[in-house]
Structure formats: C-alpha cells, structure tokens
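One letter stands for each residue in the lines below.
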Amino acid sequence: MNTPVIGVLALQGDVREHLIALAAADAVARPVRRPEELAEVDGLVLPGGESTTISKLAVLFGLMEPLRARVRDGMPVYGTCAGMIMLADKILDPRSGQETIGGIDMIVRRNAFGRQNESFEASVGVRGVEGAPVEGVFIRAPWVESVGAGAEVLAEHEGHIVAVRQGNALATSFHPELTGDHRVHSLFVDMVRANGTP
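Scoring rules and cut-offs
Residues numbered from 1 in each chain as written. Predicted model: local features only at pLDDT ≥ 70, side-chain atom pairs only at ≥ 80, totals over all residues. Heavy atoms only, no water. Helix = DSSP H or I, 4+ residues; strand = E, 2+ residues; numbered from the N terminus. Rg over C-alpha atoms; globule rule 2.2 N^0.38 Å. Buried < 20%, exposed > 50% of the residue type's maximum accessible area, 1.4 Å probe, protein only. Contact = heavy atoms within 4.5 Å. Areas by Shrake-Rupley, 256 points an atom, 1.4 Å probe, with all protein chains shown as cover. Lys, Arg positive; Asp, Glu negative; His and termini not counted. Charge placed at Lys NZ, Arg CZ, Asp CG, Glu CD. Salt bridge = Lys/Arg side-chain N within 4 Å of Asp/Glu carboxyl O. Arc of directions from axis to C-beta. Phe/Tyr/Trp six-rings, centres within 6.5 Å; stacked < 30°, edge-to-face > 60°.

Student: Describe the overall build of the protein chain, listing the residues and the values that go with them.
Tutor: Helix and strand counts for the protein chain come out as six helices and 12 strands. Rg of the C-alpha trace for the protein chain: 15 Å, near the compact-globule value of 16 Å for 198 residues, within the 12% margin. By its C-alpha atoms, the protein chain is 40 × 40 × 35 Å across when sized along the principal axes. Burial statistics for the protein chain: of 198 residues in total, 52% are counted as buried. For the protein chain, restricting intrachain contacts to residue pairs at least 6 apart in sequence, the fraction spanning at least 24 positions comes to 66%. Total accessible area computed for the protein chain in this model is approximately 8400 Å², and 47% of it derives from carbon and sulfur atoms. On the protein chain, the mean spot of the 18 positive side-chain charges and the mean spot of the 25 negative ones are 5 Å from each other.

Student: Provide a residue-level description of the side chain of R68, including the pertinent values.
Tutor: The topology assignment puts R68 in helix α4 (residues 64-72). Here R68 falls in the buried class, since its relative accessible area comes to 16%. Each residue touching R68, except ones within four places of it in the same chain, is listed here: E99, T100 and I101.

Student: Break down the pattern of salt bridges for me, citing the residues and quoting the values.
Tutor: In total, this model carries 10 salt bridges according to the counting rule given. The salt bridge partner of R34 is E37, with a shortest N-O separation of 3.4 Å. R34 gets classed as partly exposed once you look at its relative accessible area, which sits at 43%. Given a relative accessible area of 17%, E37 falls into the buried group. Between R193 and D190 there is a salt bridge; the shortest N-O distance is 3.0 Å. A residue pair is termed a helical-turn pair when its members lie 3 or 4 positions apart in one helix, as R193 and D190 do in helix α6 (residues 183-195) at three residues. Since its relative accessible area comes to 27%, R193 is described here as partly exposed. With relative accessibility at 44%, the residue D190 sits in the partly exposed group. Connected through salt bridges with shared partners, the residues R34, E36 and E37 form a single ionic network.

Student: Report on helix α1 (residues 15-24), specifying residues and quantitative values.
Tutor: Buried within α1 we find V15, H18, A21 and L22. The buried side chains of α1 occupy one side of the element, clustering within an arc of 130° when seen end-on. Contact partners of the buried residues in α1: β1 (5-9), β2 (28-32), β3 (43-46), β4 (77-80) and α6. Two residues or fewer after α1 comes D26, characterised by a positive phi angle close to 70°.

Student: Tell me what's going on with the packing of aromatic side chains, and back it up with residues and numbers.
Tutor: Applying the stated criterion across every chain, the model contains six aromatic pairs. Measuring from centroid to centroid gives 5.2 Å for F113 and F138, while their planes differ by 65°, and the two rings are edge-to-face. Placement of F113 in the loop between β6 (104-109) and β7 (120-124) and of F138 in strand β8 (residues 134-138) is noted, with a sequence separation of 25 residues between them. On the accessibility criterion, F113 (14% relative accessible area) is buried. Among the aromatic residues, ring-to-ring pairing joins F113, F120, F138, W143 and F174 into one connected group.

Dropping the structure here:
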C-alpha cells in the first residue's frame, strides 16, 4: 500500500486542517460522515473539537458501533485532543451521555490544561518522531491520568502524559495539524501503510 486512503471523521471540529496535513504526508485524505464512507478507508483521524458533541453526533449518524468495530478489528486510528478522549477506554469526568470509541487502555481527564483562554503552545519531544521537538498547540486539551500495560507513552509535558500509542491507535492531547509540521501525521500514515490493506 503505497498511498493509503485515510479518513477524517467530519462530524465536528478541525476537519479541513487534518485533510491538508494528511495530504502533505502522502495519503489520500477524505472526510467520513457515514458508515459506508468509513468502510472505504484504511485508517481514520478523529479531530479536535468538542468530545461530547462528536460522541452524540457519532451515535446520531449511526457511526459509533461501526467505529468501535473497525478499531477493535485493528484499523489504524489517530485522535487529537477531543479525538484522544474518544479513544480512551475511560474518561475521568465524562459529561452526561458521553460515550467513547475506546481502543487505548488509558484514563483521560477532559479540559485538564484549562479553559479556552488558557490555551498555549509548547515544544514536545515525541517518541517515533525524528528531529526537533514537535510544536504542540494545546486548546482546552486533555491529559492522560494513567495508562495500562498495553499502552506506550510517547510524550509528556510538565509531568503529564500528552501522547500515547497502543497497537494501531495513536493519540495526542495537542493539535499538530495547526502548525504546518506534518511529522506526527507522517508517523500515522506510516502506521496505516504498515498495517496493509484491510
């Protein structure tokens, strides 16, 4: 698989920025809003946005169970910010009715780094990303309280876990799609490529 087809869950959030970053990382990128579109991709990005809204829309659009099934079956998936929350097996402080897809054995705290006006950028060294640290954009970002034995911590910021990988699932608290640095997306594209055709 030279050029994988990677979807971006296009229910809410910064979809366009991920489509651009994936294309720059040598993938065919397309929005995913329906189960039949999900069935056509080799991997999927869960963008930042509002995790409760994304969860409820995924249920409304009939995507939650197909998403869980694909992730369970090993489809590569990458979640940023709200997407990280969606990939957590457990949320420490869920909103009423909030569901997750799961896939990474981690406990995540929502909005852990503060409110919108406390957003910030920081250099983050990410294991598996060569060269200089990645510039992380943290916007109402979660952090990972703890991980299980199967999950690998890829990055920390000020003592808090901000990037995790478990098998074919990758998650970051921050938004690499907003910086013009496509190395984290390239890492994910390589994961999809290594996974082969579904």
